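Close look at the chain arrangement
One-letter residues, chain by chain:
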Amino acid sequence: MNLQDAFAIESLKEKTTTLRKLFAPYTPHVAVDGLEEQVLTVLINLVYKRSEIDDLTSVRAAKSVLRDEVLLSKCINEVKWFHTHNLKYPDIRVSHQRLISEVASEDIAGICSRSLSLSFGWSHNSAEINHAKLFLTSFIWQGEVTCLAKLLIAEEPVWINLIRAYGYTKKAVLDIVGKIKQQLPVAELPLEVSSFSIQLQMPYLQCYLAVTPVVSHAMLSKIQQLTTEERKLNSGLVEHSRPANVGDLASSVGGNIRVLRYFPKTNSKAINRSKVVNNDIEKTFKIRALLSSQFQQALLVLVGIKQFNTLRQKRLARVAAIRQVRVSLQLWLDNILEAKNIAQNQAYPEWAKYYLDQSITNCISQFSNILNESLSSLSKFKRFAYHPNLMGLFKAQLNYVFTHCAAEEETLNDKQIVYVHCQDMRVFDAEAMANPYIQGMPSLTALNGLAHNLERKLKNFIDPSIKCIGSAIYIENYQLHTGKPLPEPSKLKQVAGRSHVIRSGIIDKPKCDITLDLVFRLFVPNEEILNKLNSQLIKPALPSTYAGGAMHPPSLYQNIDWCRLYTKPSELFKDLKAKPSNGSWLYPSKKVVKSFEQLIDALNGNFNLRPAAIGFAALEEPVKRDATLHEYHCYAEPVIGLLECVSNTSVKYAGAKQFFHDAFWVMDVQKESMLMKKSKFEYE
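These figures come from a predicted structure and were not determined experimentally.

1. Quick notes on the overall build of the protein
Per the secondary structure count, the protein includes 26 helices and 25 strands. In terms of overall size, the protein behaves like a compact globule, its C-alpha atoms giving a radius of gyration of 29 Å where 684 residues would be expected to give roughly 26 Å. Here the C-alpha coordinates of the protein stretch approximately 95 × 65 × 55 Å along the principal axes. Burial status across the protein gives 53% buried among its 684 residues. Within the protein, contacts between residues at least 6 apart in sequence are counted, and of these 74% link residues at least 24 apart. Positive and negative side-chain charges in the protein, numbering 81 and 66 respectively, have mean positions lying 4 Å apart.

2. Details of helix H23 (residues 569–577)
Three or more residues of H23 are buried, namely Pro 569, Leu 572, Phe 573 and Leu 576. The buried residues of H23 occupy an angular sector of 95° when projected down its axis, which confines them to one face.

3. Regarding the pattern of salt bridges
On inspection of all chains with the given rule, the structure shows 20 salt bridges. Note that Asp 424 and Lys 579 form a salt bridge whose closest N and O atoms lie 3.1 Å from each other. On the criterion of sequence distance, the pair formed by Asp 424 in strand E11 (residues 417–431) and Lys 579 in the loop between H23 and strand E20 (584–588) is long-range, its members being 155 residues apart. An identical accessibility class is assigned to Asp 424 and Lys 579; each is buried. Close ionic contact of Lys 624 with Glu 631 constitutes a salt bridge, the shortest N to O distance being 3.1 Å. Connected through salt bridges with shared partners, the residues Lys 286, Asp 334, Glu 338 and Lys 652 form a single ionic network.

4. Digging into unusual backbone geometry
With an omega dihedral of 5°, the bond running from Tyr 89 to Pro 90 counts as a cis peptide bond. By the element assignment, Pro 90 lies in the loop between strand E2 (85–86) and strand E3 (121–122). Of note, the phi angle at Gln 206 is positive, near 60°, even though the residue is not glycine. Examined against the element boundaries, Gln 206 turns out to sit in the loop between strand E6 (200–204) and strand E7 (207–213).

5. Examining the confidence of the model for the protein
Across the protein, the average pLDDT comes to 89, with 96% of residues at or above 70. Below pLDDT 50 for its whole length, residues 270–278 participates in nine contacts with residues either more than four positions away or in separate chains.

6. Observations regarding the pairing of strand E15 (residues 498–503)
Relative to E15, strand E14 (residues 489–495) runs antiparallel, the two sharing six bridges. Its bridge partner lying in E15, Lys 493 is registered against His 500. Taking the residues that link successive antiparallel strands as the turn, the E14-E15 hairpin has two residues, and the phi of Ala 496 there is positive, at about 55°.

7. Quick word on the state of the cysteines
Considering all chains together, one arrives at zero disulfides under this definition. The cysteine Cys 147 is free of any disulfide, with Cys 75 supplying the nearest cysteine sulfur at 14 Å. Distance from the sulfur of Cys 468, which forms no disulfide, to the nearest cysteine sulfur (Cys 422) is 11 Å. For Cys 468, a relative accessible area of 15% puts it in the buried group.

8. Looking at helix H3 (residues 36–45)
Counting buried residues in H3 gives eight out of ten residues, a clear majority hidden from the surface. Residues of H3 that are buried include every one of Glu 36, Val 39, Leu 40, Thr 41, Val 42, Leu 43, Ile 44 and Asn 45, and no others.

9. Section: the packing of aromatic side chains
Each pair of aromatic rings is reported with the distance of its centres and the angle of its planes. Under the defined criterion, the tally for this structure stands at 18 aromatic pairs. Ring plane angle 35° and centroid distance 6.3 Å describe the contact between Phe 82 and Phe 120, whose orientation is recorded as tilted. In this pair, Phe 82 sits in strand E1 (residues 82–83) while Phe 120 sits in the loop between E2 and E3, placing the two residues 38 residues apart along the sequence. Each member of the pair, Phe 82 as well as Phe 120, carries the same accessibility label: buried. On the numbers, 5.9 Å between centres and 55° between planes, the contact of Tyr 419 with Phe 664 is tilted. Pair noted here: Tyr 419 is in strand E11 and Phe 664 is in the loop between helix H26 (656–662) and strand E24 (665–669), with a separation of 245 residues, a long-range link. Classification of Tyr 419 by relative accessible area gives buried; the value is 0%. With a relative accessible area of 0%, Phe 664 lands in the buried category.

10. Points about the sheet that holds strand E12 (residues 438–439)
An order of E9-E10-E12 is seen for the three strands of this open sheet, with the pairing classed as mixed. Unpaired on one side and paired on the other, strand E9 (235–239) and E12 mark the two borders of the sheet. Against the sheet, helix H10 (residues 217–227) engages E9 and strand E10 (256–261), with an angle of about 80° to E10.

11. Re the nonpolar core
The biggest cluster of nonpolar side chains holds 102 residues, and the ones touching the most others in it are Phe 520, Tyr 546 and Met 674. The dominant element in this core, judged by the number of residues it contributes, is strand E23 (residues 632–647), at eight residues. For Tyr 546, the residues in contact, after removing those within four places along its chain, are Val 427, Ala 430, Pro 442, Ser 443, Ala 446, Leu 447, Leu 450, Ile 473, Ile 514, Leu 516 and Met 551. Counting residues in each nonpolar core, the second largest holds 56 residues, with Leu 35, Leu 136, Trp 159 and Leu 162 among its members.

12. Topic: the pairing of strand E18 (residues 549–552)
Bridging between E11 and E18 involves three bridges; their strand directions are antiparallel. Looking at the pairing, Phe 428 lines up with Ala 550 of E18. The turn linking strand E17 (residues 545–546) back onto E18 is made up of two residues, and Ala 547 within it adopts a positive phi angle of 55°.

13. What about the side chain of Glu 455?
Looking at the secondary structure, you find Glu 455 in helix H20 (residues 444–461). The charged side chain of Glu 455 is buried without a salt bridge, its nearest counter-charge being Lys 459 at 4.1 Å. A polar atom in the side chain of Glu 455 sits 2.9 Å from the backbone nitrogen of Cys 468.

14. Some details on the environment of Ser 197
Relative to the elements of secondary structure, Ser 197 occurs in the loop between helix H9 (170–183) and E6. Judged by relative accessible area, Ser 197 falls into the buried class, the value being 13%. Taking the C-alpha atoms as reference points, Ser 197 and Val 501, 304 residues apart in sequence, are found 23 Å from one another. Residues contacting Ser 197, with those up to four places away along its chain left out, are Val 94 and Thr 212.

15. Some points on the environment of Gly 655
Within the fold, Gly 655 resides in the loop between helix H25 (648–654) and H26. According to the relative accessible area criterion, Gly 655 is buried, its value standing at 10%. Residues Gly 655 and Phe 573, 82 residues apart in the sequence, show an inter-C-alpha distance of 8.5 Å. Beyond its immediate chain neighbours, meaning those up to four positions away, Gly 655 contacts Glu 410 and Phe 573.

Cut-offs and rules
Residues numbered from 1 in each chain as written. Predicted model: local features only at pLDDT ≥ 70, side-chain atom pairs only at ≥ 80, totals over all residues. Heavy atoms only, no water. Helix = DSSP H or I, 4+ residues; strand = E, 2+ residues; numbered from the N terminus. Rg over C-alpha atoms; globule rule 2.2 N^0.38 Å. Buried < 20%, exposed > 50% of the residue type's maximum accessible area, 1.4 Å probe, protein only. Contact = heavy atoms within 4.5 Å. Lys, Arg positive; Asp, Glu negative; His and termini not counted. Charge placed at Lys NZ, Arg CZ, Asp CG, Glu CD. Arc of directions from axis to C-beta. Salt bridge = Lys/Arg side-chain N within 4 Å of Asp/Glu carboxyl O. pLDDT = per-residue confidence, 0-100. Pairing = 2+ DSSP bridges. Disulfide = S-S within 2.5 Å. Phe/Tyr/Trp six-rings, centres within 6.5 Å; stacked < 30°, edge-to-face > 60°. Axes fitted to C-alpha atoms, helices over the stretch in contact; angles between N-to-C directions. Core = buried A, V, L, I, M, F, W, Y, C linked by side-chain atoms within 4.5 Å. Polar contact = N/O pair within 3.5 Å; in protein donor to acceptor, adjacent residues only side chain to side chain.

Shown next, in the form of structure tokens:
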């Protein structure tokens, strides 16, 4: 609804409710051109509590605000607590600090507040929250996102004259402008780091840099808009028990902040074998590949059931759907393809001869019939069996998979490169929010921290010249916890002269359990150092934590050699191919997104892409600051990027060279950013 329609609503209660929603920070900014006078009245009346005013368009109520010098003074005083990045999110114990800044670099390979218009949030004493709304509330005027404070600082004649119409002289209005200018500088950063603010350590210039991540008001507001009104992205809720203390955005949504909610592709569900009629077919073909929700979504797109707003979205979704069908059919045919690849001189196993001892045309025709019969036996997929829009497409994709998935032996050699494979590692109570914007995806920066810790210990144990130049991660199982963890009793409180230990406030930080594999790529300069390396030295060097959770090797009862060293990449890849197909490798994405619009298009164009926390964008150059972990410190903003969930079946048939080229992550730490990216390494 636009602003003009809102003012035209006859019901007073409905009009007031609609206007409050239009000017709330969780809704898209509304254009006010041509309605400046009415808008100023609404902004002034937002100072009142909901119970104190029935009509936000009341000029009489607005005049009483501007005539009350004490009340107006309170509104002006709250300008000094406007911020671009909220230091009190999520921990409200941070106090007497605010941050006004923008991302230092103009070219960040990810989504940050640089892609959005500058807008202010507020966080201070919760009793003053309504007094902040007069100068804080954002809207669009003359094509730009702005607020009354910015317009007055710029001394826009239209708005100056509108305030004068309430009985002020020009000098009185300019006095207000001067006070606001004094309270709202172009940039402001804290002189010391609060003891309640997080500090991360980043390797930087042969030492370490302390980094404090802070949430961007503009980014968090944009996520609310995309996930509530427009519903273009998957979302989850993070609850704040005292929202007015967190800030204006949290207060406007009742403490229920929406964040992006995406998970790695895993499939731990047991197959109901009664669904499949033919047991022989079930043994030969992996029916589970047809039961995935991604395959179902792809078919819905291809048969035209799913609707799109634009032709471009439809085309992108169709390309993504075809790619997903190909991946699912590859997994469905895995046993057949395996038999085809390992057979020597056409000596196929007995069970595979029936399918493979014939021409490719007959093979594809037979696979197509079995595929449609299998779909017809599955209740959710009956409507897709023998569908005229799918018959030809299935045959084309079956032909592609069958003819392009021949696994070739690859010889990869580099005497200075060694791989460490840690398999079936279990992580308990890991952080499920890698940054304040995303819930679910594992932390990639934590992966780099793990690799860096391993490197440090190996340098101490063996030799300082050892370097970790990349790490890969495979998620086999993922389980998000429900409920909120109860804090440990940690605060002393005196009641009637007696001390009691009480708990600190609950902060909603979701936890998760993960089963994963880790592969580390080590650079070892010479054979002498290589001879010192062995799994018995690497095991104690491996950190015991990942993403804030406790990391354990597999149970002793499983009797698994869980940590192995490989000097030959082909041997490692042979073991990796045997991993179960229910998990996925987290690959660096080849696609870079720098705005939410690009992110939405990318997700529609590839069902395997996921938004992820890829690092931080600095809000300043590193400086010396009080109460920091290291000599140099900087405030930084979390950055959203992309990763690709690649099934182990796809990895297997893509080959070893592609895996070692595409699967590994490394962190690039600069003055302006600390971002995870693809490790540049390639075998000749």
